[in-house]
Amino acid sequence: MSRIAVYPGSFDPLTRGHLDIIQRASKIFDHVIVAVSNNASKKNVFSVSERIEMVEESIRNLPNVDCDTISGLLVDYMRRKKAKVLIRGLRVVSDMDYEFQLASFNRRLNKDVETVFLMPDDQYTYLASSMVREIARLGAGTEQFVPSFVARRLKLKFGSPKVK
Ligand code: ADP
């Protein structure tokens, strides 16, 4: 039986830290699905189709990784996909509070789902999509934090900063 893992998130936008987790997961599991959340209550900078396009472009060289979108309950999606492993990234201790709460809820909703936490390379420990969005908005280049395709998308989205 093939081991299918789902890596859910907002990916607004995908960073090199996310990609590091995806690459690690792709070496452990037979098939990895990057599930881009389409959560209407969360205000994202990029639309779901833009976020998916950025993920797809970045996973091209990973044959056992796919990208999909989820709008309902993650555990229901996982049941449909026959996936038992839920991947999340852990950067710092402060991530744990929220991540453990989420893992505990998902386990209550579906006891067959096992959350697996992966740790990124040290250089990505302090990397977050929110920071990337913020510096892009202020006109900084983001190439060192996100794949080049994503950096170009950020530039298009925010343009050059207005000089007063
Ligand atoms: P969410 O809104 O679900 O938290 P994110 O896109 O922010 O979506 O994050 C998805 C997952 O990736 C989370 O488990 C988060 O902790 C993890 N993650 C985010 N940035 C990094 C990073 N730089 N290194 C490793 N994991 C990360």
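The rules behind these values
Residues numbered from 1 in each chain as written. Predicted model: local features only at pLDDT ≥ 70, side-chain atom pairs only at ≥ 80, totals over all residues. Heavy atoms only, no water. Helix = DSSP H or I, 4+ residues; strand = E, 2+ residues; numbered from the N terminus. Rg over C-alpha atoms; globule rule 2.2 N^0.38 Å. Buried < 20%, exposed > 50% of the residue type's maximum accessible area, 1.4 Å probe, protein only. Contact = heavy atoms within 4.5 Å. Areas by Shrake-Rupley, 256 points an atom, 1.4 Å probe, with all protein chains shown as cover. Lys, Arg positive; Asp, Glu negative; His and termini not counted. Charge placed at Lys NZ, Arg CZ, Asp CG, Glu CD. Patch = residues over 30% accessible without salt bridge, like charges linked within 9 Å, V, L, I, M, F, W, Y side chains within 5 Å. Salt bridge = Lys/Arg side-chain N within 4 Å of Asp/Glu carboxyl O. Pairing = 2+ DSSP bridges. Right-handed = clockwise from strand over helix to strand, strands pointing away. 1 Å grid on protein atoms, 1.4 Å probe; cavity = no way out; pocket = protein on both sides within 12 Å on 5 of 7 lines; lining within 4 Å. Points joined across faces, edges and corners; volume = space filled by probe spheres on them. Core = buried A, V, L, I, M, F, W, Y, C linked by side-chain atoms within 4.5 Å.

Student: Is there a simple way to explain the overall build of the chain in this structure?
Tutor: If you tally the helices and strands in the chain, you get six helices and five strands. When its helices and strands are written in sequence order, the chain yields β-α-β-α-β-α-β-α-β-α-α. For the chain, whose C-alpha radius of gyration is 16 Å, the value lies close to the compact-globule estimate of 15 Å for 164 residues. Looking at the chain residue by residue over its 164 residues, the buried ones come to 44%. Residue pairs at least 24 apart in sequence account for 74% of intrachain contacts in the chain once pairs closer than 6 positions are excluded. On the chain, roughly 9,900 Å² of surface is accessible, and the fraction owed to carbon and sulfur atoms is 52%. The distance from the centre of the 26 positive side-chain charges to the centre of the 19 negative ones in the chain is 4 Å.

Student: What exactly am I supposed to notice about the side chain of aspartate 95 here?
Tutor: Among the structural elements, aspartate 95 can be located in helix 4 (residues 93–109). Leaving out residues up to four positions away in the same chain, aspartate 95 has contacts with Gly89 and Leu90.

Student: Explain a nonpolar patch on the surface here, please?
Tutor: On the surface, a cluster of nonpolar side chains totalling about 300 Å² of accessible area is made up of Val93, Met96 and Phe100. Relative to the assigned elements, valine 93 resides in helix 4.

Student: In this structure, what is going on with the pairing of strand 5 (residues 114–118)? I would like to understand it.
Tutor: In the case of a regular strand, side chains alternate between the two sheet surfaces. Sheet analysis places strand 4 (residues 85–89) next to strand 5, joined by five bridges and oriented parallel. For leucine 86, the partnering residue across the bridge sits in strand 5 and is threonine 115. Note on the crossover from strand 4 through helix 4 to strand 5: the handedness is right-handed.

Student: What is the right way to look at the pattern of salt bridges in this model?
Tutor: All told, the structure shown has 12 salt bridges when counted by the stated rule. Residue aspartate 68 pairs with lysine 81 through a salt bridge whose shortest N-O separation is 3.9 Å. Of the two residues, aspartate 68 is situated in strand 3 (residues 65–70) and lysine 81 in helix 3 (residues 74–81); the sequence distance between them amounts to 13 residues. Here arginine 137 and glutamate 134 are joined by a salt bridge, their closest N and O atoms 3.2 Å apart. With a gap of three residues between them, arginine 137 and glutamate 134 both fall in helix 5 (residues 129–137), about one helical turn apart. According to the relative accessible area criterion, glutamate 134 is partly exposed, its value standing at 37%.

Student: What is the right way to read the layout of surface pockets from this model?
Tutor: It is the rolling of a water-molecule-sized probe over the atoms that shows where space remains empty. Considered as a void within the structure, the largest pocket measures approximately 1,100 Å³ in volume. Lining the largest pocket are 39 residues, and of these Gly9, Ser10, Lys42, Arg88 and Tyr98 sit closest to its centre. Elements with a minimum of two residues in the lining of the largest pocket: strand 1 (4–9), helix 1 (16–28), strand 4, helix 4 and helix 5. Examining the composition of the lining of the largest pocket, we find that six residues originate from one element, helix 4, more than from any other.

Student: For this particular structure, what's the right way to read the nonpolar core?
Tutor: Inside soluble globular proteins, nonpolar side chains tend to come together where they are buried. One finds Phe11, Ile22, Phe29, Val55, Ile59, Val65 and Ile87 to be the most contacted residues of the largest nonpolar core, which totals 21 residues. Elements represented by at least two residues in this core include exactly strand 1, helix 1, strand 2 (31–37), helix 2 (48–58), strand 3 and strand 4. A total of four residues in this core trace back to one element, the largest contributor, which is helix 1. The residues contacting isoleucine 22, other than those within four sequence positions of it, are Tyr7, Leu14, Val34, Ile59, Leu62 and Val65. Residues Ile4, Val6, Leu74 and Met78 belong to the second largest nonpolar core, which totals 12 residues.

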